[in-house]
Amino acid sequence: MKIATYNVNGIKARYETVATWLREDAPDVAVLQEIKSIDEAFPRELVEDTGYDLHTHGQKGFNGVALLSKTPLEDVTRGLPDDDEDEQARYIEGTVIGETGAVRICGLYLPNGNPAPGPKYDYKLAWMARLEARAKALLAEETPFLMTGDFNVIPDDRDATRPEAWANDALALPQTRAAFRRIVNLGLTEAFRARTQGAGHYSFWDYQAGAWNRNDGIRIDHFLLSPAVADRMRDCTIQTEMRGREKPSDHVPVWLDLDL
DNA sequence: ATGTCGAAGTTTCTTCGA
């Protein structure tokens with residue numbers, strides 16, 4: 001089973017790019033972030049031809065996440081627990097049923113947090129604490145799960161072309177990295193790093209300043225796997241070539257292949 | 001220090017967020 005995460009940076013602006021990608025690369029499950037659309041305005045024709053099961057959690061203008069699946073998802077829920085006062089659409093869960101088991105898919109768009117320090121950074125850290133609590137709860141009930149999406153976290157200096165340029169940024173501050181490590185250290189596996197070591201692997205290149213042409217990137221789109229899911233991992237790869245296509249998102253898809 | 005993009009309102013430009 002192939003699961004892909006992809007920050008599309010606007011589903012309406014990215015329609016052709018995403019439709020072609022779904023048709024040609026055909027993930028079993030696609031976890032999308034930054035759809036920047038209310039649910040009613042999500043282009044249904046994207047999935048009508050392909051038959052994908054679509055679940056959105058959108059809002060006007062910003063943020064917004066979605067799950068697409070070749071087979072129907074079960075028990076889809078929107079928002080993190082204790083999210084009642086959170087107006088930002090950043091989290092969605094659904095269960096995919098494979099031939100030999102089920103996996104809870106947690107799709108997330110973690111707050112950027114800049115400028116730091118400040119209220120936006122406080123919101124980011126609070127959101128990460130709530131994500132950690134959710135991971136703890138899923139581990140406690142022994143639900144096989146994965147968390148994936150745009151974490152807006154550069155885990156380590158090797159995950160940036162120019163780490164010094166990000167040293168004071170909300171994506172790389174020590175508190176951000178510590179919060180990310182706290183979640184991983186609950187017993188999760190960071191899928192990409194379980195397969196690939198070393199620098200030079202990125203999932204985002206800014207539109208500005210020719211970042212793509214200079215390969216000035218960062219790795220901020222991740223998969224965290226619970227133990228049972230980690231045991232089933234075949235591979236985790238970054239689809240770098242997508243950044244060079246016509247009308248690209250500033251992020252590229254990251255893929256997880258599971259024996260499921 | 002920065003050469004961009006997408007969405008929405010203030011709507012054929014400006015502002016915001018990233």
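Residues numbered from 1 in each chain as written. Chains lettered and ligands numbered in written order. Predicted model: local features only at pLDDT ≥ 70, side-chain atom pairs only at ≥ 80, totals over all residues. Heavy atoms only, no water.

Looking at an unreviewed UniProt entry, one finds chain A named Exodeoxyribonuclease-3 and attributed to Jannaschia faecimaris.

This paragraph deals with the packing of aromatic side chains. Applying the stated criterion across every chain yields a total of six aromatic pairs. Measuring from ring centre to ring centre gives 5.0 Å for Tyr6 and Trp21, while their planes differ by 65°; the resulting arrangement is edge-to-face. One end of the pair, Tyr6, is in strand S1 (residues 2-7); the other, Trp21, is in helix H1 (residues 15-25), with 15 residues separating them in the sequence. Looking at Trp21, the relative accessible area reads 0%, which means it is buried. Between the aromatic rings of Trp205 and Trp212, the centroid separation amounts to 4.8 Å while the plane-to-plane angle is 85°, which identifies the pairing as edge-to-face. Taken together, the ring pairs in this structure connect Tyr6, Trp21 and Trp255 into an aromatic cluster. (Phe/Tyr/Trp six-rings, centres within 6.5 Å; stacked < 30°, edge-to-face > 60°. Helix = DSSP H or I, 4+ residues; strand = E, 2+ residues; numbered from the N terminus. Buried < 20%, exposed > 50% of the residue type's maximum accessible area, 1.4 Å probe, protein only.)

For the pair helix H3 (residues 119-140) and helix H4 (residues 174-184), interaxial distance at closest approach is 9 Å and the crossing angle is 10°. One element, H3, and the other, H4, form an angle in the roughly parallel class. From H3, Tyr121, Lys124, Leu125, Met128, Leu131, Glu132 and Ala135 reach across to H4, where they touch Gln175, Thr176, Ala179, Phe180, Arg182 and Ile183. (Axes fitted to C-alpha atoms, helices over the stretch in contact; angles between N-to-C directions. Parallel < 35°, antiparallel > 145°, perpendicular 65-115°, else oblique. Contact = heavy atoms within 4.5 Å.)

Now for the UniProt feature "site: Interaction with DNA substrate" (unreviewed entry) in chain A. When the UniProt feature table is mapped onto this chain numbering, "site: Interaction with DNA substrate" (unreviewed entry) sits at His251. For His251, the position within the fold is in the loop between strand S13 (233-238) and strand S14 (254-258). Residue classification places His251 among the buried positions, given a relative accessible area of 4%. Engagement of the side chain of His251 in a polar contact is seen with the side chain of Asp150, the distance being 3.5 Å. (UniProt positions renumbered as here; feature names shortened; annotations may be inferred. Polar contact = N/O pair within 3.5 Å; in protein donor to acceptor, adjacent residues only side chain to side chain.)

With that settled, consider the protein's contact with DNA strand B. In the vicinity of DNA strand B, 17 residues are found, and the nearest of them are Arg14, Gly61, Tyr207, Ala209 and Lys247. Of everything in DNA strand B that lies within 4 Å of the protein, sugar and phosphate atoms constitute 70%. Take Gly61: an N or O atom from its main chain is 3.3 Å from a phosphate oxygen of DNA strand B. Grouping the amino acids of the surface near DNA strand B by side-chain chemistry returns five nonpolar, five polar and seven charged. (Near = heavy atom within 4 Å. Nonpolar A, V, L, I, M, F, W, Y, C, P; charged D, E, K, R; others polar.)

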